[in-house]
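Chain by chain, the residues:
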Amino acid sequence: MPPPPVISVVIAVYNAADCLDECLRSIATQTIGFDAIEVVAVDDGSTDGSGELLAEWAARHPNVHALRQANSGAPGGPRNRGIDASTGEYLFFADPDDYLGPEAFERMVAMARRNDSDIVLGRIAGVGRIAPTRPFRRSVENGDVLSTQAVWSLTAQKLFRRSLIVDNGLRFAEGVRLAEEQPLVVPAYFLAKTISVVADYDCYYLVLRSGHKHLTRQQPDPERLFGIVGDAMRTVTENTKPGPDRDALLGRWVSMEILHWFRRWFPDLPADARERYIGLAADLLDEYVTPEALEPMPRLDRIRATLIRRRRPDELLRLAHFARSGTRAAPVIEGDRVYAGYPYFREPAYGMPDSYYDITGELALDHCRAEVTATPAGVLRVMWRPAVPALREPGLAWSVVLTGPAGREYEVAGHQGPDGPEATVDLAIVDGGARIPDGRWTAHTKVRGSERRAMLAIGDEGTAEAHPELGAALAAGVPVDISLTANALVIKAGEAVRPRAELAPEGVAWRPGRGGHLTVAVLCRWPVAGQPTLYLTRGAGGPILAVPATQQPGGAAPGVLVSADLDARALARAGLTPGRWQCTIGPADAPPDRRVPVHAPGAGPTGRLVARSPIATPLWSMAWLEPAGRQRVLTLVIADWRHVARRLRQRGGRALGRLRRT
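Undergrad: Describe the overall build of the protein, naming the residues involved and giving the relevant values.
TA: Scanning the protein from terminus to terminus reveals 14 helices and 32 strands. Looking at the protein as a whole, 50% of its 662 residues are labelled buried. Summarising the internal contacts of the protein: among those between residues at least 6 apart in sequence, 69% fall at separations of at least 24. Entry remark: accessible area of the protein is about 31000 Å², with carbon and sulfur atoms responsible for 52%.

Okay, structure coming up:
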């Protein structure tokens, strides 16, 4: 006797001849092997040849069972008959207009056996229609109804352990076209010892097709529909304790099954149907839903729920028309609070609480194009323009928030300027009169009283170099680096600042005389502590020569100008020999990690001649400065006469070779 199948696939079929074959082929080509699958297809009185197509499949494949019955008008009845006829270890319910990914059953069964799962949710993809996404954000091995967020996927397309369904007598609702899965799926979620999720593969494809009776969007019978919804909510309350978890679960039914009928298309219902919907929905809200369960919901839904409980059809109709129109009502601004301009705000006849309209903490501050200027003393003027027009109202109270190390924050009050919000941030006194602490700080903006923030940034690519008014500053004597880019306004202070030194414009001068003198002027973005010194270093671990320097204010540029005079004869006596000597700046006796390389930004990475002078000493015959390497570090090159002669011979040889070739 052959072993029982691993999976029984139950398909309720009604007039699906144009797509049924695709569905069956997706099952027959599963990588788990067709011999591990049993197909139980129940034809619900089709008239388009679907029954004959099933019979052909059954004739070719002994593991395909084609059953036929009179039309029941909904998929619940045929699925229940399929459950009774199934023999597999697991059950899977498919619709004839959908199809499966080739590895769906292999992956889902492997997950079930690995974790002894009673239910496995496989990721669902929509083809022309919306598919659930919340349960499929990550794969879950050993989960439950809460950790998997399974209630946000209540369709039947899942892998169930058959004994879970059969032993507990779970069945689909019959004769109902909407929510017919919930009498089986919802209790199964709470009976399951383990629920798993396969979220890294599209297991099932929901396809939007026209002309299929079971997928029509007709108005349901409200008594049957809300009866099923009430049973599901009762199941939740019987299996959970009062509190946030229960409220979170029930919130799914409130949003998707109750308030759904009172949104934009509520006016399309006949007047008598509206009264019935309101009465049934109000009973469910009164019995199962606490005020806390409504808190996470959108503002308009909270207003809807209140009107339903008060049984106010005219007001619900007005609210539905408001939502359908897409009207963007102007907000009401009171001090640092912002209220949505929705219907019934502070209308005495309705007594809606202000909290239903308070959107201060939800303001959409995702994009704020900023303009920033900074003084050498670290005073920033920050101006920005919110992307949402409603946030440009003159009554809003704005602030700039600086967030730094360990989550430390400073909030600086702003005001409404002629071109939008603006604030002045003095980094020398931002900390209660003291300067900004060391570290990296990012700047956000917000409406005071709100927790929603927006990064301050420019609207296109840019750096501090593209905004010359930004860069180095001194806040209370401490170096500060300010940069505004496409992503953020960033402030670095104190130890977080990376010192930088650059060759000043026209910063190289040769003075004639015996031996020669070379003067180098370097612009340091921060003052050098103690005695500034220019270091000449020949290679890693090589000799180091220290040349005392002087510093003075850099004028219009932030930082200081450090000047050093290189006396050829004195340096030769100190050990300056032919070779390449890298230039760095630092305090006297500074260790290597406290010395800052001198950059020559005006030259390319291959280097170019900056200055050259013959120097009449026994050791030197030529010297020049050039930038070296990708970092363009200023390098003093010393060449003796032997080196120069060798280079001249090499160049002459190459020139002679070119002449001979021509």
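Undergrad: So, the side chain of Thr235: which residues are in play, and what are the values?
TA: By the secondary structure assignment, Thr235 is in helix H7 (residues 222-238). Ignoring sequence-local partners within four residues, the contact set of Thr235 consists of Val186, Pro187 and Phe190.

Undergrad: Give a description of the pattern of salt bridges that names residues and reports values.
TA: Two side chains of opposite charge can pair, provided their charged atoms sit close to one another. According to the stated counting rule, one finds 30 salt bridges in the structure shown. Close ionic contact of Asp231 with Arg234 constitutes a salt bridge, the shortest N to O distance being 2.7 Å. Separated by three residues within a single helix, Asp231 and Arg234 lie in helix H7, roughly one turn from each other. For Arg234, a relative accessible area of 33% translates into the label partly exposed. Residues joined in a network through salt bridges with shared partners are Asp283, Asp286, Arg309 and Arg311.

Undergrad: Give a detailed account of the pairing of strand E28 (residues 579-587), specifying residues and quantitative values.
TA: Among the nine residues that make up E28, seven are buried, leaving the element largely enclosed by the rest of the structure. With six bridges connecting them, strand E25 (residues 532-537) and E28 associate as antiparallel partners. Bridging across to E28, Thr537 finds its partner in Gln582. Pairing of E28 with strand E32 (residues 633-639) involves four bridges; the strand directions are antiparallel. Directly across from Arg580, in E32, lies its bridge partner Val637. Relative to strand E29 (residues 596-599), E28 runs antiparallel, the two being bridged by two bridges. Across the sheet, residue Thr584 finds its bridge partner in E29, namely Pro597.

Undergrad: Provide a residue-level description of the packing of aromatic side chains, including the pertinent values.
TA: Summed over the entire model, instances satisfying the criterion amount to 16 aromatic pairs. Look at Tyr342 and Tyr357: their rings are 6.5 Å apart centre to centre, the planes differ by 50°, and that puts the pair in the tilted class. Residue Tyr342 is found in the loop between strand E11 (337-339) and strand E12 (368-374), and its partner Tyr357 is found in the loop between E11 and E12; the two are separated by 15 residues along the sequence. Judged by its relative accessible area of 25%, Tyr342 falls in the partly exposed class. Site record: aromatic cluster; members linked through ring pairs are Phe322, Tyr339, Tyr342, Phe345 and Tyr357. Positioned above the aromatic ring of Trp152, the side-chain terminus of Arg134 is 3.8 Å from the ring centre. The ring of Tyr339 has Arg346 sitting right over it, with the charged end atom 5.1 Å from the ring centre.

Undergrad: I'd like a rundown of H7, residues and numbers included.
TA: In this model H7 runs 24 Å from its N-terminal to its C-terminal C-alpha over 17 residues, within 8% of the 24 Å that 1.5 Å per residue would give. When H7 is considered as a whole, its buried residues turn out to be Pro222, Leu225, Phe226, Ile228, Val229, Gly230, Ala232, Met233, Thr235, Val236 and Thr237. Elements in contact with the buried residues of H7: helix H6 (182-191), helix H8 (244-258) and helix H9 (271-288).

Undergrad: Just give me the short version of unusual backbone geometry, but keep the residues and values in it.
TA: Most peptide bonds take the trans configuration, and most residues that are not glycine carry a negative phi. Residue Tyr344 is not a glycine yet carries a positive backbone phi of 75°. Among the secondary structure elements, Tyr344 is positioned in the loop between E11 and E12. With relative accessibility at 1%, the residue Tyr344 sits in the buried group. Its identity is not glycine, yet Arg346 carries a phi of approximately 55°, on the positive side. Secondary-structure assignment places Arg346 in the loop between E11 and E12. The class of Arg346 is partly exposed, set by a relative accessible area of 39%.

Undergrad: Summarise the environment of Arg595; cite the residues concerned and give the values.
TA: Locating Arg595 in the fold gives a position in the loop between E28 and E29. The class of Arg595 is buried, set by a relative accessible area of 17%. For the pair Arg595 and Pro499, spaced 96 residues apart in the sequence, the C-alpha separation amounts to 9.1 Å. Those residues in contact with Arg595 that sit more than four places away from it in its chain are Tyr535, Thr537, Ile544, Thr584, Ile585 and Ala590.

Undergrad: Account for the nonpolar core, with residues named and values stated.
TA: Counting 116 residues, the largest nonpolar core has Ile11, Ile27, Phe92 and Tyr189 as its most contacted members. The contacts of Ile27, once residues within four sequence positions are left out, are Val9, Ile11, Phe34, Ile37, Val39, Leu100 and Phe105. Ranked by size, the runner-up nonpolar core spans 33 residues in total, among them Val338, Leu402, Val412 and Val425.

Undergrad: Describe the environment of Leu24, with residues and values.
TA: Tracing the chain through its elements places Leu24 in helix H1 (residues 17-28). Considering only alpha carbons, one finds Leu24 and Ala94, 70 residues apart in sequence, at a separation of 9.8 Å. Sequence-distant contacts of Leu24, that is, excluding residues within four places in its chain, are made with Ile11, Val39, Leu54 and Trp57.

Undergrad: Go over the confidence of the model for the protein, please, and point to the residues and values.
TA: In the predicted model, the protein carries a mean pLDDT of 83, and 85% of its residues have values of at least 70. In the predicted structure, residues 603-620 sits below a pLDDT of 50 and forms 49 contacts with residues beyond four places in sequence or in another chain.

About the criteria used
Residues numbered from 1 in each chain as written. Predicted model: local features only at pLDDT ≥ 70, side-chain atom pairs only at ≥ 80, totals over all residues. Heavy atoms only, no water. Helix = DSSP H or I, 4+ residues; strand = E, 2+ residues; numbered from the N terminus. Buried < 20%, exposed > 50% of the residue type's maximum accessible area, 1.4 Å probe, protein only. Contact = heavy atoms within 4.5 Å. Areas by Shrake-Rupley, 256 points an atom, 1.4 Å probe, with all protein chains shown as cover. Salt bridge = Lys/Arg side-chain N within 4 Å of Asp/Glu carboxyl O. Pairing = 2+ DSSP bridges. Phe/Tyr/Trp six-rings, centres within 6.5 Å; stacked < 30°, edge-to-face > 60°. Lys NZ or Arg CZ within 6 Å of the ring centre and 35° of its normal. Expected span 1.5 Å × (residues − 1). Core = buried A, V, L, I, M, F, W, Y, C linked by side-chain atoms within 4.5 Å. pLDDT = per-residue confidence, 0-100.

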